[in-house]
Amino acid sequence: MERRRLGRTGHESGVAILGGAAFWMATPEEGAAGLQLALSRGVNHLDIAPQYGNAQAAVGPAIPAVRDQLFVGAKTLRSNPDGVVAQFDESRQLLGCEVLDLYQAHAVTTLEQLDERAPAIERILQLRDKGACRFAGITGHDLTVPRTHLEALRRYDLDTVMFPIYPRLWADPVYREAAEELLAVCQERDLGVMIIKATARRPWADRRPLTDLVAGDPATAHRWATSWYEPQATDADLACGIAFALSTPGVHGFCTPGDLALLPRVLDASDAFAPLSADQRHAAIAAMADEQVIFPIPR
């Protein structure tokens, strides 16, 4: 698997970053197997969060034995600084990591949320500066994220960003302009750039939240994957989405989707990645231009 330097973190990250959301309903046995599969295929970066159901408890027991092979990034949704520290310590304990490589303010999507989360972000930076984590970042999901993250980078000395790119979003000129501006700022400042939703196709037709699937709601019975959006179904379309994200200038890696069954196919596509030409990128955008955008996340 190709590796790319994750900005000033210096981490030579496999382009496929293991997305912890896939372990939402996993057992520790499934967590260990999924982590081992990823490592065996060249993945060396885990992105995980308390909001991902069972994920930390499922994957965590397997981490200490491979800690020297793995860059571990965790996240928090909390706004209160003391709550941030409590959740940070809980993640360290569950993941078996005395020091986290990356700690991120999770799902900072709007300028209002950026204002509300200011004390939390400042506390994350303090955790970095005292050595409890090595790097600090920000993540977000929705069409407003690039502009929000640009403002976050104006305010804070962050090391990484994580935001969505898939071909349908590039058909939106407003989103694309903001995202390309964000990518340019990240390149100028040597920041790590991680992409989410590379394999997305469209919202599920039922428009139900992921919690309804977990609860076994019959309205979600038609779903064939456990991600909150419908991913691409064919190997060719999965590969196209991944290649589109990784061919976008300034991108260092993408998070694998929230479905364990898709992981082997996504890793195959990552291994086979070849950059798309300009014509291929235009074709990918045109092919998805009429699809509905997956955002906002169903609640």
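Anyway, here's the lowdown on the structure attached to this text.

### Digging into the pairing of strand S8 (residues 160-164)
Then, number 1: By the criterion of burial, S8 is predominantly enclosed, with 5 of the 5 residues buried.
Then, number 2: Taking every second residue as pointing to the same face, both faces of S8 are buried, with Thr160, Met162 and Pro164 on one and Val161 and Phe163 on the other.
Then, number 3: The sheet contact formed by strand S7 (residues 133-139) and S8 spans 3 bridges and is parallel. For Ile138, the partnering residue across the bridge sits in S8 and is Val161.
Then, number 4: Between the parallel elements S7 and S8, the chain passes through helix H6 (residues 145-155) in a crossover that is right-handed.

### A look at helix H3 (residues 81-95)
Counting along an α-helix, one turn takes 3.6 residues, and residues three or four places apart therefore face a common direction.
Then, number 1: Here H3 spans 21 Å end to end across 15 residues, near enough to the 21 Å set by a 1.5 Å rise per residue.
Then, number 2: Taken residue by residue, H3 has Gly83, Val84, Gln87, Phe88, Ser91 and Leu95 as its buried positions. What you see down the axis of H3 is that its buried residues fit within an arc of 135 degrees, all on one side. Exposed side of H3, more than 90 degrees from the buried face: Asp82 and Gln93 are the residues found there.
Then, number 3: Structurally, H3 contributes buried residues whose contacts are with helix H2 (55-59), strand S5 (71-76), strand S6 (100-105), helix H5 (118-129) and S7.
Then, number 4: The N-cap of H3, judged by a side-chain oxygen 2.8 Å from the amide nitrogen of Asp82 a few residues on, is Asn80.
Then, number 5: Count one or two residues on from H3 and you reach Gly96, which has phi positive near 65 degrees.

### Things to note about the packing of aromatic side chains
Then, number 1: In this structure the tally under the stated criterion is 6 aromatic pairs.
Then, number 2: Both rings, one in Trp170 and one in Phe244, keep their centres 6.2 Å apart while their planes meet at 85 degrees; by these two values the pair is edge-to-face. Taken together, the positions of Trp170 in helix H7 (residues 167-170) and Phe244 in helix H10 (residues 235-246) put the pair 74 residues apart, joining distant regions of the chain. Exposure class is identical for Trp170 and Phe244. Each is buried.
Then, number 3: Judged by centre distance (6.2 Å) and plane angle (75 degrees), the rings of Trp204 and Trp224 are edge-to-face. Here Trp204 is found in the loop between strand S10 (200-202) and helix H9 (210-214), whereas its partner Trp224 is found in the loop between H9 and strand S11 (230-231), with 20 residues between them in sequence.
Then, number 4: Using a relative accessible area of 3% as the deciding quantity, one classes Trp204 as buried.
Then, number 5: Ring pairs connect the aromatic residues Trp170, Tyr175 and Phe244, which therefore count as one cluster.
Then, number 6: For the cation-ring pair, Arg281 lies above Phe244, with the distance from its terminal atom to the ring centre recorded as 4.0 Å.

### Describing the nonpolar core
Considering soluble globular proteins, one finds that nonpolar side chains tend to be buried as a cluster.
Then, number 1: Leu35, Leu100, Tyr103, Leu158 and Phe163 are the most contacted members of the largest nonpolar core, which totals 90 residues.
Then, number 2: Sequence-distant contacts of Phe163, that is, excluding residues within four places in its chain, are made with Gly140, Val145, His149, Tyr175, Ala179, Leu182, Leu183, Val193, Met194, Ile195 and Ile196.
Then, number 3: In this structure, Leu6, Met162, Met194 and Ile196 belong to the second largest nonpolar core, which totals 9 residues.

### Notes on the sheet that holds strand S12 (residues 253-255)
Adjacent strands of a sheet form backbone hydrogen bonds with each other and so pair up, either parallel or antiparallel.
Then, number 1: Strand order in the closed barrel formed by 8 strands is S3-S4-S5-S6-S7-S8-S9-S12, and the pairing between neighbours is parallel. Looking at each pair of strands side by side, their axes are set apart by 25 degrees on average, direction ignored.
Then, number 2: As judged from the 4 bridges shared by S5 and S6, these two strands associate in the parallel manner. Along S6, the bridge assignment pairs Lys75 with Gln104.
Then, number 3: Sheet contacts for H5: S5, S6 and S7; angle to S7, the most-contacted strand, approximately 155 degrees.

Analysis parameters
- Residues numbered from 1 in each chain as written.
- Predicted model: local features only at pLDDT ≥ 70, side-chain atom pairs only at ≥ 80, totals over all residues.
- Heavy atoms only, no water.
- Buried < 20%, exposed > 50% of the residue type's maximum accessible area, 1.4 Å probe, protein only.
- Helix = DSSP H or I, 4+ residues; strand = E, 2+ residues; numbered from the N terminus.
- Pairing = 2+ DSSP bridges.
- Right-handed = clockwise from strand over helix to strand, strands pointing away.
- Expected span 1.5 Å × (residues − 1).
- Arc of directions from axis to C-beta.
- Contact = heavy atoms within 4.5 Å.
- Polar contact = N/O pair within 3.5 Å; in protein donor to acceptor, adjacent residues only side chain to side chain.
- Phe/Tyr/Trp six-rings, centres within 6.5 Å; stacked < 30°, edge-to-face > 60°.
- Lys NZ or Arg CZ within 6 Å of the ring centre and 35° of its normal.
- Core = buried A, V, L, I, M, F, W, Y, C linked by side-chain atoms within 4.5 Å.
- Axes fitted to C-alpha atoms, helices over the stretch in contact; angles between N-to-C directions.

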